[in-house]
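What follows is each chain in one-letter form.
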Amino acid sequence: MNDYKSIDNKIQFSNRIQSVFEEVSSRYRGYFDKEDGYTSVLSTEGRNPFADQFEGDPEAPYVINLAKAIVRSWIETPCFIAPHEALVGIPRPHYPLMEHFSWGILYEDNSVKDDPLYPETEAKRCEDFMSKFSPLTEDDILKAGEELIGKERLRVLMREDFMWGGGYQGHTVPNYYTLLENGLDGMLAKIDHYAAINVKDEESANFYEANRILVRGMSEYLTKYAEYAQKLSAECDDDEQALYYSQIAQNCAFVAHNKPETLYQAVQLMWCLALWDWVDCWGRMDQYLLPFYEKSLKNGDVISAEDSIISIMLKAWEHGVHNITVGGLKPDDGEDATNEISYIVLQAIRVFHNIHPRVTVRIHENTPQNILDLAVKIWSEGMSDPTVVSDSTVIKGLTDINIPLNDARDYSILGCQEIEIPGKSNTGCEDGSFNVAKVLEFAIYGGKATRKADYQLGPVTKSLVECETYEEFYDSFVEQLRFFIKVESVLCDAGQKIRAIQHSKLLKGIFTDGVLESGKPHDAGGPIYNHGCMETAGISTASDSLYAIKRLVFEEKKISAEKLVEALKANFKGFEKERQMLLNYVPKFGNDDDGADAMAVEVLNLFWDEMAKYKSIRGEAYTGACSLLGSGTGYGAAMGAMPDGRFAGEPLNNSMGPRTGADTSGLTAMLNSVSKLPLHKGVGGTTLNVVITKKMLSTPELRNNIASTMKSYLMNGGQLAQITTANLDELLDAREHPERHGNLIVRIGGYSIQFVEMTERSQLEMIKRYSSEESQM
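All figures in this text were calculated on a predicted structure; none of them were measured in a lab.

### Things to note about the overall build of the protein chain
Thinking step 1. Secondary structure summary: the protein chain contains 32 helices and 16 strands in total.
Thinking step 2. For the protein chain, the C-alpha radius of gyration of 26 Å lies close to 28 Å, the compact-globule estimate for 777 residues.
Thinking step 3. Once the C-alpha set of the protein chain is aligned to its principal axes, its extents read approximately 85 × 65 × 50 Å.
Thinking step 4. Split into buried and exposed, the 777 residues of the protein chain put 64% on the buried side.
Thinking step 5. Pairs at least 24 apart in sequence give 77% of the contacts found in the protein chain among residues at least 6 apart.
Thinking step 6. Between the averaged position of the 77 positive side-chain charges in the protein chain and that of its 114 negative side-chain charges there is a distance of 4 Å.

Here it is in C-alpha cells:
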C-alpha cells in the first residue's frame, strides 16, 4: 500500500503499471519532439486526410469540411495498443496538413520533405490547398499594422524585434467536467438543444453541424479501438494480456456513447478528448476525477483507482501534456481542495523525473504542509516541477476584472504558466509579447529606430539629451510606450480575427461553456471569459535604466546626458568608469531596495494599465503576463547598451525577476522585490525563475526553510514561481560532457527542458544566472 504523502519513499507501481512505465521509457522522445504533438510510432503511410477531404467536396462549407477532415485524420490513423497498457489512443503521425488550435489548418513542409512515402508532387498539392482553402496567413496580421502606420514603418518596426502580436493565441483548457458529466451522446444532445435555440441561418446551422460531426467522430474513434482490442483479445495466446485487451474493448465501447460511471471509464474518455485536443492542458484534474476516484475506492473497479490515475499520468508523460494543476481552493466554499489525486500526480512525476507533464501546485494559507513539503522534496531530487502559484494573488486579480469569486477560485494554470478559468475562457494565451525596455531605448533617441539610422519609428519626442528634467524624459517614454501599445493591440486583434474565421478552436469550443450557448466560435467571443494576455519583457532593464537616469543624470548630475548617450552608442568602450557607476552605484531591482523596487512597480503599472485600455476583439481587456520561454535572450540580442550598465546584445530576463546578475543580496531579498510588483494585475500569468540549488535543499532543515520562504513569497504578493535546482558545476560539466547529463533538467521562463537540448546562447545565459546565485551563497 503506497503512502502518497510520503517524502522519504517514492511510489511503487503495480506490476502491470511498472511494465507500462518501462515500455514508455523505451519509446522516450525529447522535449521538442513531444511539443510537436505527433507520434513517431505510426507511419503516415503517405496519407493526406485534410487534402483528400477538402478536395473531395470543394463546395462544402469550410467549417463542415474542417470537422470532417479532423475526424478523417483520426479514423484513418491505425490503432496502436502497447502491451499491458490500460488506456489506449496515441497522437496522429505527422500528416502534411493538420488542424491546430493556435491557427486553423497548418502546413509544415518538412512533413512532406522528410517522409519518403509522399510523392514529389505532394508539396505542391499542399501549397495549392493552403492558398485555396486556408488562404489567411501571418501576412494578414501584418496588413493590419500596415494600415495603421504604413508599410515601410511596420517593416522597420518588425526588424527591431521587440514585439509580436497575434502569433499564437492558442492554449485553453476544455471543460472536462462537462465531458464526464454528459458523455459523448449527452454532448450531442446538448448541441441539439442549443442549435434549436440559436440556428438562424446557414452559417449558424453549419457551425452546430460541424460540432456534431466532431462528437460523432470521437464516438467512432472509441468504437474503432473497442473493436480492435476485442480482435486482439481473441487472437492473444497470453491469458493475462487477452484479459487486458478485453477490458480495453469493454471500456472503449462503453464510453463511446455513455457517460462514464467508473474511474477507469472516466480516464479513458478524458484521454480521448485530450488526444483530440493535441494533448494540451488538463486543468484541475484532481478535482474533476475525484468523484470517480472515491467511487472506485468504495466500490472497486476493473483496475485499481491508483492504476487508473497513474495510467493517465503515463500518457501525460509520454505525449507531453503542457500543464496539470493540483491543490488550491474549492470553488463554492473556499476550503482546501487538496486530495489523494493531488499527491498521486506529484508522486508520479517524481518517479518519471522528466520535463513532462508540467505540473503546478496551487498554494494558499491553509495548504497542507505535506504537499508543499513533497514539492520541495521533488525539487531537491533535481526536478523543476512542480511550479507553485499563489491563490491569494491570482484570485484577487481575477475578481478585480469582474470574474465571480467561485469561478476565480476554480482557476488553473495552462500552457507555459498562463492562467485561465478552465472550460470557460479564451484568454488569448498568448495574444502577444512586448519588450518595454526596447521602447525606453527608442525614447532615449527621441523615437528613432536603432537598427535603421535616423529613421523616425515612434512619435517625435524629446531625446534624453534634449530633456531638461527627468519628468520631461519620462513623459517622452510614456508617449513612445502608448504609441507602440496601440500598434501591438491592432496586431493582436488581427490575429484573433483570422483564428475566428478559420475556426482554430472548433473542437475546444464544444467543451467550453458559452460557445454552444451563444452560437459564437471560441475565437469570436463565445466563451464566458475573454480577457487578453500580453507577455511582458524587459521590465527590470527598463526600470533599472530609468532609475539610473533619474539618479545619475538629473538628481545627482554625476553623468551628463550627452556622455551617457555617447557611452551607450559606444557599447561602453572607453567608458568603463561610467559603466561601473551605472552598475554599482545605483541600486538595482531584486535587492529589496525601496527606490529601485518602486521604479519597477511604476513601470509595470504604467505598461499594464495602458495595455488594459484596449480590449481584445473577443470582448474584454488585455491583462499582464510574463512567460517568455527563451524570448528574453532574443529580445536582448536586438538591443543596444542600456543605462543599467548592460552591454549590447546581453540577454534580458525570461521572467518577472531581476536582470541576470543584478540581484546580489540573496534569495529572500529578490523575492521581496518581486512581491512588491502589482502581480495581481498579471492574471495572464507572471512566472518567476527561482534558482534553488540542490545544495540549498540537501537537508530536512534546509528544505523546511525553503518551503517557508516560498510560501511567504506566495502569500505576500508573489504569484508564480518555477524552480531550477541544478548546481553550477553540473551545468559547466554538461557543457563539456553532454552525454553524461541527459537527465539534467532546468527551467526557462515557462517550461522545463533538458539542459543539453538548449541552444548554446540559452545555456550560457543559464550559467550566468547560476554564477550570480552561487556567488551569494
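### Here's the deal with the packing of helix α29 (residues 667-675) against helix α30 (residues 700-715)
Thinking step 1. For the pair α29 and α30, interaxial distance at closest approach is 10 Å and the crossing angle is 15°. Judged by the inter-axis angle, α29 sits roughly parallel to α30. Read as a crossing pair, α29 and α30 show a hand that is right-handed. The segment α29 lies against α30, with L667, T668, L671, V674 and S675 engaging I706, T709, M710 and Y713.
Thinking step 2. Here the contact of α29 with α30 is built from residues that sort into six nonpolar, three polar and no charged.

### Some details on the sheet that holds strand β13 (residues 689-691)
Thinking step 1. The sheet built from six strands is open, its strands ordered β4-β5-β6-β7-β14-β13 with mixed pairing. Strands with a single pairing partner mark the edges of an open sheet, and in this sheet they are β4 (281-283) and β13. For this sheet, the mean angle separating the axes of adjacent strands, direction not counted, is 25°.
Thinking step 2. Taken together, the three bridges between β13 and strand β14 (residues 720-724) define a ladder with parallel strand orientation. Opposite V691, over in β14, you have T724 as the bridge partner.

### Things to note about the packing of aromatic side chains
The description of two aromatic rings rests on the distance between their centres and on the angle between their planes.
Thinking step 1. Applying the stated criterion across every chain, the model contains 27 aromatic pairs.
Thinking step 2. With a centroid separation of 6.0 Å and an interplanar angle of 75°, the aromatic rings of F162 and F434 are classed as edge-to-face. With a gap of 272 residues between them, F162 in the loop between α8 (151-159) and β3 (163-165) and F434 in strand β10 (residues 432-435) connect regions that are remote in the sequence. Take F162 and F434: they sit in the same class, and that class is buried.
Thinking step 3. Put simply, the rings of F162, F434, F442, F483, F484 and F607 touch in pairs and so form one group of aromatic residues.
Thinking step 4. Here the guanidinium or amino end of K508 rests over the ring plane of F101, the centre of that ring lying 4.5 Å away.

### A short note on helix α18 (residues 391-400)
Thinking step 1. Every buried residue belonging to α18 is among D391, T393, V394, I395, G397 and L398, and all of these are buried.
Thinking step 2. Those residues of α18 hidden inside the fold are in contact with β6 (359-363), β7 (387-390), α19 (405-408), β9 (418-420) and α30.
Thinking step 3. Where α18 ends, the next residue or the one after it, N402, has phi of about 75°, a positive value.

What counts and how
Residues numbered from 1 in each chain as written. Predicted model: local features only at pLDDT ≥ 70, side-chain atom pairs only at ≥ 80, totals over all residues. Heavy atoms only, no water. Helix = DSSP H or I, 4+ residues; strand = E, 2+ residues; numbered from the N terminus. Rg over C-alpha atoms; globule rule 2.2 N^0.38 Å. Buried < 20%, exposed > 50% of the residue type's maximum accessible area, 1.4 Å probe, protein only. Contact = heavy atoms within 4.5 Å. Lys, Arg positive; Asp, Glu negative; His and termini not counted. Charge placed at Lys NZ, Arg CZ, Asp CG, Glu CD. Axes fitted to C-alpha atoms, helices over the stretch in contact; angles between N-to-C directions. Parallel < 35°, antiparallel > 145°, perpendicular 65-115°, else oblique. Left-handed = near helix turned anticlockwise from the far one by under 90°. Nonpolar A, V, L, I, M, F, W, Y, C, P; charged D, E, K, R; others polar. Pairing = 2+ DSSP bridges. Phe/Tyr/Trp six-rings, centres within 6.5 Å; stacked < 30°, edge-to-face > 60°. Lys NZ or Arg CZ within 6 Å of the ring centre and 35° of its normal.

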